Amino acid sequence: MGARVVRMFRNFNLENRVHRELSKEKPLAAPRHAVKSPALGGSSEAMEADSVNKKNDPLLSLLRSVYVESTDPAAPPAAAEASKEVTVGKEVERRALKFSLPVGPYGLVELTDVPKGKLTITEALKALGGHQREPQTWTPEKIAQEYSLDLKDTKALLEFFIPFQVHIIPPKTDGAKQIKAS
């Protein structure tokens, strides 16, 4: 019922109200801001723009006379050969994987070897888990030897990276219902 009343008042005398709004004069636009024309008079800005765009022959001749020749600093031949050997050696030095993920439906590419000094995620988790369970047998030295890593990097890995730990909190009351595995 309320919608009918609102509709009646909204549509009441609609045509007269529309004619009254349309017959009103349109509001005037705000006056434009006065802009100084650079063509009027010899303003300093116009003169500066002209001087910038002009060709300055003395400066152009000085620019043409400048010649820069650069060369790389000569490295000692022994150091250059050593750096080449290191890059070639890194490409050749690879080791076989110790552990790998099973190939699944996710399109993971099966790796066969890894560069020395690197670990796959699976190997890192396996090494961290082994050290967490048995720190006496999985020492940093053994992990470094097993996976061809630097001892310093292995110690940092064991210090700063901790695998997930699952803690099962027992219920506070003994009479609480528990779900038991069947």
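What counts, and where the lines are drawn
Residues numbered from 1 in each chain as written. Predicted model: local features only at pLDDT ≥ 70, side-chain atom pairs only at ≥ 80, totals over all residues. Heavy atoms only, no water. Helix = DSSP H or I, 4+ residues; strand = E, 2+ residues; numbered from the N terminus. Axes fitted to C-alpha atoms, helices over the stretch in contact; angles between N-to-C directions. Parallel < 35°, antiparallel > 145°, perpendicular 65-115°, else oblique. Left-handed = near helix turned anticlockwise from the far one by under 90°. Contact = heavy atoms within 4.5 Å. Nonpolar A, V, L, I, M, F, W, Y, C, P; charged D, E, K, R; others polar. Core = buried A, V, L, I, M, F, W, Y, C linked by side-chain atoms within 4.5 Å. Buried < 20%, exposed > 50% of the residue type's maximum accessible area, 1.4 Å probe, protein only. pLDDT = per-residue confidence, 0-100.

**Quick look at the environment of E146**
Right, so step 1: Of note, E146 is situated in helix 7 (residues 140-147).
Right, so step 2: Along the sequence, E146 and K98 sit 48 residues apart, while their C-alpha atoms lie 8.7 Å from each other.

**Let's talk about the packing of helix 7 against helix 8 (residues 151-160)**
Right, so step 1: Packing of helix 7 against helix 8 brings their axes to within 9 Å, and their N-to-C directions diverge by 120 degrees. Regarding the angle of helix 7 to helix 8, the classification is oblique. Considering the relative orientation of helix 7 and helix 8, their crossing is right-handed. On the side of helix 7, the interface is formed by P140, E141, I143 and A144, while helix 8 contributes L151, T154, K155 and L158.
Right, so step 2: The residue inventory of the contact of helix 7 with helix 8, partitioned by class, reads five nonpolar, one polar and two charged.

**Considerations on the environment of E141**
Right, so step 1: The topology assignment puts E141 in helix 7.
Right, so step 2: Residues in contact with E141, not counting those within four places in the same chain, are L151 and K155.

**Digging into the packing of helix 6 (residues 121-133) against helix 7**
Right, so step 1: Contact pair helix 6 / helix 7: the axes reach a minimum separation of 11 Å and the direction vectors enclose 155 degrees. Here helix 6 lies roughly antiparallel to helix 7, going by the angle between them. Viewed along their axes, helix 6 and helix 7 form a crossing whose handedness is right-handed. For the pair helix 6 and helix 7, the contacting residues are E123, K126, A127 and H131 in the first and P140, I143 and Y147 in the second.
Right, so step 2: Grouping the amino acids of the contact of helix 6 with helix 7 by side-chain chemistry returns four nonpolar, one polar and two charged.

**A closer look at the nonpolar core**
Right, so step 1: Core analysis: the biggest nonpolar cluster contains seven residues, these being A127, L128, I143, Y147, L149, L157 and L158.
Right, so step 2: In contact with L149, other than residues within four places in its own chain, are G117, K118, L119, A144 and T154.

**Observations concerning unusual backbone geometry**
Among all residues except glycine, the phi angle is most often negative; among peptide bonds, the trans geometry is most common.
Right, so step 1: Phi at N13 takes a positive value of approximately 55 degrees, unusual for a residue other than glycine.
Right, so step 2: On the secondary structure map, N13 appears in the loop between helix 1 (2-11) and helix 2 (14-23).
Right, so step 3: Since its relative accessible area comes to 34%, N13 is described here as partly exposed.
Right, so step 4: Phi angles above zero are rare outside glycine, and S148 is one such case at about 55 degrees.
Right, so step 5: Here S148 lies in the loop between helix 7 and helix 8.

**Structural notes on the confidence of the model for the protein chain**
Right, so step 1: Predicted confidence across the protein chain gives a mean pLDDT of 79, with 76% of residues reaching 70 or more.
Right, so step 2: When the elements of the protein chain are averaged for pLDDT, helix 5 (residues 77-92) gives the smallest value, 57, and helix 7 the largest, 93.

**As for the environment of L111**
Right, so step 1: The residue L111 is located in the loop between strand 1 (94-96) and strand 2 (113-115) in this model.
Right, so step 2: You can call L111 partly exposed: its relative accessible area is 46%.
Right, so step 3: Separated by 14 residues in the primary sequence, L111 and L97 place their C-alpha atoms 7.7 Å from one another.
Right, so step 4: Sequence-distant contacts of L111, defined by excluding residues within four places in its chain, comprise L97 and T120.

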